[in-house]
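Structural features, examined
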Amino acid sequence: MLKKLLLYLMVLCIACWTGYGYEFFINSEPIHASVYSGETFLGKTPLRLVGEESRTLLFTIRKDGYEAVREEVALTETGERMRFFSLSPERVSIVLDQKGSNVLLNEVSAGESPLVISGLPDGTYKIEKSRNAISISNAEYSHSMRTTVTETIFSGLLFSGSVAGMAHLRGIGDTMNAHAFGFASVVFGTILTYNLFKLSKISIEEKKDRIQMSGVSVREFTGTDDRDTFTEGMSHIGKEKWEEAVRQFLLVINLHEDSHFVPVSYYEAGYAYLQAGNYPKALQYLKDFVYSYPIYELFPYGVLHLFDVQLRLGRPADALSDYESLRPLYIDDTSGMLHADYYDRMVTMFEKTGGTRRDILDDLLSELDRYLDTYRSSPNYSKILLLKGTLLYRWLDKKEGAFVFEEIKERYPHDTETMREVERILHE
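Residues numbered from 1 in each chain as written. Predicted model: local features only at pLDDT ≥ 70, side-chain atom pairs only at ≥ 80, totals over all residues. Heavy atoms only, no water.

A few words on helix α11 (residues 358-374). Look at α11: 24 Å from first C-alpha to last across 17 residues, which is about the 24 Å you get at 1.5 Å a residue. Extensive coverage of α11 is indicated by the burial of 12 of its 17 residues. Those residues of α11 that fall on the buried side of the exposure criterion are Ile360, Leu361, Asp363, Leu364, Leu365, Ser366, Glu367, Leu368, Asp369, Arg370, Tyr371 and Leu372. (Helix = DSSP H or I, 4+ residues; strand = E, 2+ residues; numbered from the N terminus. Expected span 1.5 Å × (residues − 1). Buried < 20%, exposed > 50% of the residue type's maximum accessible area, 1.4 Å probe, protein only.)

Time to look at the packing of helix α12 (residues 381-396) against helix α14 (residues 416-426). Look at α12 against α14: their axes get within 11 Å of each other, and the N-to-C directions meet at 0°. Here α14 runs roughly parallel to α12, going by the angle between their axes. Contact residues: α12 offers Ser382, Leu386, Thr390, Tyr393 and Arg394, while α14 offers Thr418, Glu421, Val422, Arg424, Ile425 and Leu426. Of the residues assigned to the contact of α12 with α14, the class counts are five nonpolar, three polar and three charged. (Axes fitted to C-alpha atoms, helices over the stretch in contact; angles between N-to-C directions. Parallel < 35°, antiparallel > 145°, perpendicular 65-115°, else oblique. Contact = heavy atoms within 4.5 Å. Nonpolar A, V, L, I, M, F, W, Y, C, P; charged D, E, K, R; others polar.)

Before going further, it helps to spend a moment on the side chain of Arg48. As for its placement among the helices and strands, Arg48 is situated in strand β4 (residues 47-51). A distance of 2.8 Å separates a polar atom in the side chain of Arg48 from a polar atom in the side chain of Glu23. Separated by 2.5 Å, the side chain of Arg48 and the backbone oxygen of Pro328 make a polar contact. Residues within four places of Arg48 in sequence aside, it is in contact with Glu23, Phe24, Phe25, Pro294, Phe299, Leu326, Arg327 and Pro328. (Polar contact = N/O pair within 3.5 Å; in protein donor to acceptor, adjacent residues only side chain to side chain.)

An order of β4-β1-β7 is seen for the three strands of this open sheet, with the pairing classed as mixed. Each edge of the open sheet is held by one strand with a lone partner, namely β4 and β7 (82-86). Looking at each pair of strands side by side, their axes are set apart by 15° on average, direction ignored. With five bridges connecting them, strand β1 (residues 22-29) and β4 associate as antiparallel partners. Following the sheet pairing, Phe25 is matched in β4 by Arg48. (Pairing = 2+ DSSP bridges.)

When you line up the elements, Leu42 lands in strand β3 (residues 40-44). Among the residues examined, Leu42 registers a relative accessible area of 29% and is labelled partly exposed. Beyond its immediate stretch of four places on either side in the chain, Leu42 contacts Val35, Tyr36, Ser37, Leu47, Leu49 and Phe59.

Bringing the sheet that holds strand β2 (residues 34-37) into the picture now. Judged by pairing direction, the sheet is antiparallel, and its four strands sit side by side in the order β3-β2-β5-β6 without closing on themselves. Since the sheet does not close on itself, it has two edges, and those belong to β3 and β6 (69-75), each with one partner. Going across the sheet, the axis of each strand differs from the next one's by a mean of 30°, ignoring polarity. The pairing of strand β5 (residues 55-62) with β6 spans seven bridges and is classified as antiparallel. Each residue of the ladder has a partner; that of Leu58, found in β6, is Glu72.

Considering the arrangement of structural elements, one finds Lys63 in the loop between β5 and β6. For Lys63, a relative accessible area of 17% corresponds to the buried category. Here the side chain of Lys63 touches Ile31 through a polar contact of 3.5 Å, landing on its backbone oxygen. The residues touching Lys63, leaving out its near neighbours within four places in the chain, are Pro30, Ile31, His32, Ala33, Leu87 and Asp258.

Where helix α5 (residues 242-255) contacts helix α6 (residues 262-276), the two axes come as close as 9 Å, and the packing angle between them is 155°. Considering their axes alone, α5 and α6 lie roughly antiparallel with respect to each other. Every pair of crossing elements has a handedness; the one defined by α5 and α6 is left-handed. Only Val262, Ser265, Tyr266, Glu268, Ala269, Tyr271, Ala272, Tyr273, Gln275 and Ala276 of α6 make contact with α5, whose side of the interface consists of Trp242, Val246, Phe249, Leu250, Val252 and Ile253. (Left-handed = near helix turned anticlockwise from the far one by under 90°.)

For Tyr381, the location among the structural elements is in helix α12. Note on Tyr381: relative accessible area 6%, which makes it buried. For Tyr381, the residues in contact, after removing those within four places along its chain, are Leu372, Tyr375, Arg376, Arg411 and Tyr412.

Right, let's get into the nonpolar core. Residues Phe289, Met346, Met349, Leu364, Leu391 and Ile408 are the most contacted members of the largest nonpolar core, which totals 71 residues. At nine residues, the largest contribution of residues to this core is made by α12. Excluding anything up to four places from it in sequence, Met349 contacts Phe307, Leu311, Ala319, Leu320, Tyr323 and Ile360. Counting residues in each nonpolar core, the second largest holds 15 residues, with Tyr22, Ile61, Val69 and Phe85 among its members. (Core = buried A, V, L, I, M, F, W, Y, C linked by side-chain atoms within 4.5 Å.)

What follows is about the pattern of salt bridges. In total, this model carries 23 salt bridges according to the counting rule given. Ionic pairing is found between Arg83 and Glu80, a salt bridge with its closest N-O pair at 2.7 Å. For Arg83, a relative accessible area of 19% translates into the label buried. Here Arg424 makes a salt bridge to Glu421, at a shortest N to O gap of 2.6 Å. Taken together, the residues Arg424 and Glu421, both in helix α14 and three residues apart, mark about one turn of the helix. Each of Glu23, Arg48, Arg81 and Asp332 takes part in a single network of salt bridges with overlapping partners. (Salt bridge = Lys/Arg side-chain N within 4 Å of Asp/Glu carboxyl O.)

As structure tokens, then:
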């Protein structure tokens, strides 16, 4: 009884502390946004941060053409694991999906529709469609221009009339009325000067907007965007058409470089190459994913597939190098299936690298304990407990492993499959 109590306390301590530190993922829409802590550049999204000590950081997320976002986050081992930021564009984009119309931007041809026009500056626009053309022009100043021109002409006429009246009255010796017209000429001259200044300012602003309008980007609209292409790739994954799937994911990567589907496409391309048996290509895209495009939801899967590819290629030392670069690796999977894969990869890596790196098995034990502590009501609890017992019994502490097997026998006497496995290991 005392031994069981000591074992329970040891497990509880391991579950509460792994020595890992925190792991935190930052992603954004669009990707490739720069992440800063103060003035320190941390990297571009998607970004994975790891550290040994808990701390609180004020993140600033920036990308040209988008409004910056600032947010304070507490980074702890047991705290939240990811944040996603949707960046608001400073300029807007429009899609003209009508076919065969000549598109004019401020009377300059931009090509034939369907087109996507991106990066329109702030302002009011006039869109007119004729039989064969679509015209987009700055309209913010057109009403002001017409009004100001009218006011300028009217004030000019009044000013001229006042000056002429003043000159005529002076000529006939009517000094009093000449002074009145003189005062009116000053008033109307001031109004005329103001309107001329206003007209000049509007012309400058309109010219400035026209220059900004010339800086928008225009590309062909194919009718299929990043989402459609990615969805088609996933449908090929479901049908196990690996080569067709890869083609779609590469289209997303190459044609939509800032899309939030790009990181997932790197992962899926690597996975499809792995399933097709093209291990060098699988290695390339899985490495790109875990090191350059890590996202919280798929990161542990990508890492385990990367280890698998390295081991299949006969490169256990490279797998170990990646393991050291990428740890800590936290496995969040309520089913426990991913933990079973993790167990297989870590044990294989341990054996194929000489069986001397006990820290590999210690990390594995910590993850198994994390699962057992977090998902006590899981229907697969006994399977993970069996993995823990096997790990202890074979490599770490045979006596403690035997205690775990005794616990399994007491708690799951009717689980015949687990009971057979326990007896097999005990009699190896």
